[in-house]
Amino acid sequence: RDLNFKTFERSLLGEELNAPVAPVAVEDNSEISALVEKQRAVLSEEVISVEMLSREAFLKKVKFLPQIWCWAQPQGIFFSNEEKIWNVEGDSSALQQDLEKLKIKWLGFDLKTLWRDLKGSNPIILWDSMLADYVVRAGDCSDFYKMYQMHCGESLPEMAGPEAFLKAHLDLKSCLEK
């Protein structure tokens, strides 16, 4: 959940929330500037790896998580807490029964179809990008790639890996919430 510290700080100080934030003046020091830019590049290129887990190991990891992103790709079904991505070995329908008992809130794209394919029932849906897109712009919203390009202004490679899909889901959610 985004805590929105800048808005909190501005409202705490009594500043108008819609007023632009004034940039902070920094002395011109090219060495420090280069270091800052290098650190920003490293942070923006943060790599999240995919971890293959057994059903039991996965359930232990997600047992106390309040929400999980979930999406299907040709390589399988992936889950993420925005810091890690997991792919689970074995039968997905047995996993689905275990996940329903945990009462996790789900985020993703076209979760209705995903849950139907997994033969799940009664999921707690926190965010579905397909539904959000339909609210923003009624029409065909069944293609994640097209929707991502339309709202985010970028193309997702046709064979994007799970890491790129997680980033795309997060970016798309941010764009649709604006």
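The model shown is predicted, which means the values in this text are computed figures rather than measured ones.

Caption draft 1: Representation of the packing of aromatic side chains. Taken as a whole and judged by the stated rule, the model has 9 aromatic pairs. Taking 6.1 Å as the distance between ring centres and 25° as the angle between the ring planes, the aromatic pair formed by Trp71 and Phe78 counts as stacked. Among the residues examined, Trp71 registers a relative accessible area of 3% and is labelled buried. A ring pair is formed by Tyr145 and Phe165, whose centres lie 5.9 Å apart and whose planes are at 85°; its orientation type is edge-to-face. Residue Tyr145 is located in helix α7 (residues 144-152), and its partner Phe165 is located in helix α8 (residues 162-177); the two are separated by 20 residues in the primary sequence.

Caption draft 2: Structural view of the environment of Lys105. Relative to the helices and strands, Lys105 resides in strand β5 (residues 105-108). For Lys105, a relative accessible area of 39% puts it in the partly exposed group. Taking C-alpha positions, Lys105 is 5.6 Å from Ile125, a pair spaced 20 residues apart along the chain. What Lys105 contacts, discounting residues up to four positions off in sequence, is Pro66, Gln67, Ile68, Ile124 and Leu126.

Caption draft 3: Up close: the nonpolar core. Core analysis: the biggest nonpolar cluster contains 22 residues, and Trp71, Phe144, Tyr148, Leu156 and Leu172 have the highest contact counts within it. Of all the elements in the fold, those that place two or more residues in this core are β2 (67-73), α6 (129-136), α7 and α8. The greatest single-element share of this core, amounting to 5 residues, is contributed by α8. Residues in contact with Tyr148, not counting those within four places in the same chain, are Gly153, Glu154, Ser155, Leu156, Ala168, Asp171 and Leu172. Counting 17 residues, the second largest nonpolar core, distinct from the first, contains Ile68, Trp86, Leu99 and Leu111.

Caption draft 4: Structural detail: the pattern of salt bridges. Tallied over the full model, the rule gives 5 salt bridges. Here Lys61 makes a salt bridge to Glu51, at a shortest N to O gap of 4.0 Å. With a gap of 10 residues between them, Lys61 in helix α3 (residues 55-62) and Glu51 in strand β1 (residues 50-53) connect regions that are remote in the sequence. For Lys61, a relative accessible area of 36% gives the class partly exposed. Judged by its relative accessible area of 31%, Glu51 falls in the partly exposed class. Ionic pairing is found between Arg137 and Asp133, a salt bridge with its closest N-O pair at 2.8 Å.

Cut-offs used in this document
- Residues numbered from 1 in each chain as written.
- Predicted model: local features only at pLDDT ≥ 70, side-chain atom pairs only at ≥ 80, totals over all residues.
- Heavy atoms only, no water.
- Phe/Tyr/Trp six-rings, centres within 6.5 Å; stacked < 30°, edge-to-face > 60°.
- Buried < 20%, exposed > 50% of the residue type's maximum accessible area, 1.4 Å probe, protein only.
- Helix = DSSP H or I, 4+ residues; strand = E, 2+ residues; numbered from the N terminus.
- Contact = heavy atoms within 4.5 Å.
- Core = buried A, V, L, I, M, F, W, Y, C linked by side-chain atoms within 4.5 Å.
- Salt bridge = Lys/Arg side-chain N within 4 Å of Asp/Glu carboxyl O.

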